[in-house]
Amino acid sequence: MGLSVAPERSGLEAAAAAVRRLATLGLNRGSTGNLSVRAPGGFWITPTGMTPEALQPQAFVWLGDDGSVEGEWEFFFYVTLNSEIYTARPDLNAVVHVHSVHATALACLGWELPAFHYMVAVAGGDSVPCTPYHLFGTEALSRAVGAAFAERHACLMAHHGLVAGGTTLAHALKVTLEIEALCEIYLKACAVGQPAILSREPGIQVQNLFVGVNGARSSVDLRGFGATGQSNTLFLVNGRRVN
């Protein structure tokens, strides 16, 4: 079947390569997970049941904003989930879903990933939330994830896995890899003791250091300093005062 929507081959080649990379890194196995990239008028998504080794650019399925579906392969269960994310976040252009070991383990506990480490801010805030359990492929799960993405670049899905988005495919992959690594560190730390949560500590707490980078939001919380925090705290960047 010929496509009436012309695919950007270089973009889909990069997307197929990203799927293979996720498998090589062990974040997905077999045909688990999925990946989509936005294009004008809709988005391209990986087909159902295809292994990373077999995935070629022409196998991606087109889902139009007008409800149109084009492609030779069956489209994935998670079409509505991706649609909800893109609707909630017009600034995002790629979505990655993985069943990576450590993020999935945390999700199976029903735990969010708190700000135990400053790099949690890569997800756009001071935590990576975990949505309640809903059966995969359902509208209830899609709505829960869409709501979580309103203020984040990533969320865990209880008893399921991790979803991450980005302004570019590279950004979405970066968020995915970083959150999986942080989940591993957090689980290992919890096996020994209870990590301190940065956002609950007094003093200067960074909620998001990634201002201006890949569209991330940014704010600084001067916890413990009160309303006069900015006037009694000196900020220096490369030796220059910035407040």
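Residues numbered from 1 in each chain as written. Predicted model: local features only at pLDDT ≥ 70, side-chain atom pairs only at ≥ 80, totals over all residues. Heavy atoms only, no water.

Moving on, we come to the overall build of the protein chain. Summing up its helical and strand segments, the protein chain has six helices and 14 strands in all. Per-residue burial over the protein chain gives 45% buried out of 243 residues. When contacts within the protein chain are restricted to residue pairs at least 6 apart in sequence, long-range pairs at least 24 apart make up 62% of them. Total accessible area on the protein chain is roughly 11,800 Å²; 57% of this is exposed by carbon and sulfur atoms. (Helix = DSSP H or I, 4+ residues; strand = E, 2+ residues; numbered from the N terminus. Buried < 20%, exposed > 50% of the residue type's maximum accessible area, 1.4 Å probe, protein only. Contact = heavy atoms within 4.5 Å. Areas by Shrake-Rupley, 256 points an atom, 1.4 Å probe, with all protein chains shown as cover.)

Counted by the stated rule, this structure contains four aromatic pairs. Put simply, the rings of W111, F116 and Y186 touch in pairs and so form one group of aromatic residues. (Phe/Tyr/Trp six-rings, centres within 6.5 Å; stacked < 30°, edge-to-face > 60°.)

Looking now at a nonpolar patch on the surface. Together, Y133, L135 and F136 make up a nonpolar patch on the protein surface, roughly 330 Å² of accessible area in all. Looking at where Y133 falls in the secondary structure, it is placed in the loop between strand 8 (130-131) and helix 4 (139-148). (Patch = residues over 30% accessible without salt bridge, like charges linked within 9 Å, V, L, I, M, F, W, Y side chains within 5 Å. Salt bridge = Lys/Arg side-chain N within 4 Å of Asp/Glu carboxyl O.)

A word on empty space enclosed by the protein. Per the stated rule, a full pass over the model turns up two cavities of 30 Å³ or more. Taken as a whole, the largest cavity spans an internal volume of roughly 120 Å³. Around the largest cavity, the lining comprises 16 residues; the ones closest to its centre are V19, T32, G33, T46 and M50. A class-by-class count of the residues in the lining of the largest cavity yields eight nonpolar, eight polar and no charged. (1 Å grid on protein atoms, 1.4 Å probe; cavity = no way out; pocket = protein on both sides within 12 Å on 5 of 7 lines; lining within 4 Å. Points joined across faces, edges and corners; volume = space filled by probe spheres on them. Nonpolar A, V, L, I, M, F, W, Y, C, P; charged D, E, K, R; others polar.)

Moving on, we come to the pattern of salt bridges. Pairs can form between side chains of opposite charge once their charged atoms are near each other. All told, the structure shown has four salt bridges when counted by the stated rule. R152 serves as the salt-bridge partner of D126, at 3.2 Å between the closest nitrogen and oxygen. With D126 in the loop between strand 6 (113-114) and strand 7 (127-128) and R152 in the loop between helix 4 and strand 9 (154-157), this pair connects stretches of sequence that are 26 residues apart. With a relative accessible area of 24%, D126 lands in the partly exposed category. Of the charged contacts in the structure, one is a salt bridge between K188 and E184, with a shortest N-O distance of 3.0 Å. Of this pair, K188 and E184 both sit in helix 5 (residues 169-192), four residues apart, roughly one helical turn.

The pLDDT averaged across the protein chain works out to 84; a share of 77% of its residues lies at or above 70. Under a pLDDT of 50 for its full length, residues 218-239 has, in the predicted model, 36 contacts with residues more than four places off or in other chains. (pLDDT = per-residue confidence, 0-100.)

Attention now moves to the pairing of strand 9. Residues A154 and L156 line one face of strand 9 and the alternating positions C155 and M157 line the opposite face, and both faces are buried. Sheet topology places strand 8 next to strand 9; two bridges connect them, and they run parallel. Within strand 9, the position partnered with T131 by the bridge is M157. Read from strand 8 through helix 4 to strand 9, the crossover connection turns out right-handed. Two strands pair when backbone bridges link them, and strand 9 and strand 10 (residues 161-166) are joined in this way by four bridges, in the antiparallel orientation. (Pairing = 2+ DSSP bridges. Right-handed = clockwise from strand over helix to strand, strands pointing away.)

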